[in-house]
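Below, each chain spelled out in residue letters.
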Amino acid sequence: MKLLFALLLFTTYNFAQEIDILWQKTIGGNFDDESNDIVINETGDIFQIGSSRSGISGDKTEAIIGERDIWIVKTNAAGEIIWDKTFGGIDTDFFAKGIVLDNKLYVLSSSESPIGGTKSAPNYGDSDYWLICIDMDGNQLWDSSYGGDDFEQISDIKLNPAGNLMIGGTSGSNISGNKTDLIGGEADYWILEVNPIDGAILKQKSIGSNGYDSFSSFSFDNDGFIYLIGDSDSDVGKDKTNASYGETDFWIVKMDSDFNIIADKSFGGSSYEIANGTSFIYNDFLYFAGGSDSDNDGNKTTTLFGIIDTWLLKVDLDLNIIWDKSFGGLDFQFFRDLAVKKDKIIVSIGSNSGVSGNKTVSPYGNDDIWLLILDLEGEIEYQNGYGGNGYDG
């Protein structure tokens, strides 16, 4: 199956009309290309960040280095390609996220590659965090690896209030490599603060329970507190003070800037909740979401529409629930991303449901992008679907 990058940019939504597509573009080579992130710099240039198994073909101008490489495509604001660059070692490098800071692009990915190709940083275990610093012309300035002797898989990279890079993911390693903290069970959240000048580790911490804890995203409030969003299959143990509601719950950890834990809380029903995508703080409330197949039990108050719904929560900064909402049709909904801007919540979901539940738009193909605009109470103001006759969600 061939996965292609797609960019869709929309007119400014004035909450009284349809959202029109300004332009769209499919970018890819002749094999398997996957998009994970979009980053826009101050001049409006767009960086499409993902991975690829394609050689020179289509829009891809550089040869593949390993089994799968990191592929970055820079376009202007109209979607016209300025350059594309391939980064990788001789094995598999995958799932990449990015951030722009001081005219540099920082790309964080998971890597199974040893030194080789464009990778000059060592491999410590099965897979590591791999951070690449790139200038605006696509030249690699430096790279650094972070990991232990088992696996590390990345999830998020953000700029913290101190101006340093926060990188995080899930780790199955104990003390080894350049990891200095023990895990509690099978896997923990592993977060690091690193210097954007050279990637040097400033602080690190492994946060977890006695089971499997999977990290998803960071958020930061105006007082410098850090919110870690993920999920956990464990009851109380190690850093987890809240019992589990079901098989897997959302698990939120609040820390200070020195990585001291202030509070933690579980959110879920009697089945599975899996956190993914971006979290967002807006007007001193934290918004986060993921997939759920629980009905209205535990501390989940919304009814399940389909096989898997997107479950969105608004909590205060003491982690008290303000409201929770489910979005879905009769089949599968996979939460992709959210943003909160101008008193509106924008939610992107991959959906293969027809009109059902609270989904009112018909699908074009097997799996579409389902876009929702909500008010700050979580009520739907607008929704639409985008896709072709295949898989697009």
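In what follows, the accompanying structure is described. In this text the structure is predicted, and so the values were computed from the model without any measurement.

**Some points on the packing of aromatic side chains**
Here a ring pair, both rings aromatic, is described through the centre-centre distance and the interplanar angle of the planes.
Step number 1: Under the counting rule described, the total for this entry stands at twelve aromatic pairs.
Step number 2: Relative to W190, the ring of Y129 lies with its centre 5.1 Å away and its plane at 35°, an arrangement referred to as tilted. Residue Y129 is located in strand 9 (residues 128-135), and its partner W190 is located in strand 13 (residues 188-194); the two are separated by 61 residues in the primary sequence. Note on accessibility: Y129 and W190 belong to one class, buried.
Step number 3: Measuring from ring centre to ring centre gives 5.8 Å for F332 and F334, while their planes differ by 5°; the resulting arrangement is stacked.
Step number 4: Classification of F334 by relative accessible area gives partly exposed; the value is 36%.

**Examining the pairing of strand 24 (residues 333-341)**
Step number 1: Looking at chain direction, strand 24 and strand 25 (residues 344-351) are connected through eight bridges and run antiparallel. Within strand 25, the position partnered with F335 by the bridge is I349.
Step number 2: Between strand 24 and strand 25, which pair antiparallel one after the other, the connecting turn spans two residues, and K342 there sits at a positive phi close to 50°.

**What to know about the environment of G277**
Step number 1: Mapped onto the secondary structure, G277 falls in the loop between strand 19 (273-275) and strand 20 (280-282).
Step number 2: Separated by 60 residues in the primary sequence, G277 and D337 place their C-alpha atoms 4.8 Å from one another.
Step number 3: For G277, the residues in contact, after removing those within four places along its chain, are S216, S217, F335, R336 and D337.

**Quick word on unusual backbone geometry**
Step number 1: For D102, which is not glycine, the phi dihedral falls at a positive 50°.
Step number 2: When its relative accessible area of 62% is taken as the criterion, D102 is described as exposed.

**Comments concerning the sheet that holds strand 25**
Step number 1: Here we have four strands laid out as an open sheet, ordered 24-25-26-27, and antiparallel in their pairing. Each of the sheet's edge strands pairs with one partner strand only, and the pair in question is strand 24 and strand 27 (380-386). Here the strands of the sheet are splayed against their neighbours by 15° on average, with no regard to which way each runs.
Step number 2: One ladder, built from seven bridges, connects strand 25 with strand 26 (residues 368-374); its direction is antiparallel.

Cut-off values and rules
- Residues numbered from 1 in each chain as written.
- Predicted model: local features only at pLDDT ≥ 70, side-chain atom pairs only at ≥ 80, totals over all residues.
- Heavy atoms only, no water.
- Phe/Tyr/Trp six-rings, centres within 6.5 Å; stacked < 30°, edge-to-face > 60°.
- Helix = DSSP H or I, 4+ residues; strand = E, 2+ residues; numbered from the N terminus.
- Buried < 20%, exposed > 50% of the residue type's maximum accessible area, 1.4 Å probe, protein only.
- Pairing = 2+ DSSP bridges.
- Contact = heavy atoms within 4.5 Å.
- Axes fitted to C-alpha atoms, helices over the stretch in contact; angles between N-to-C directions.

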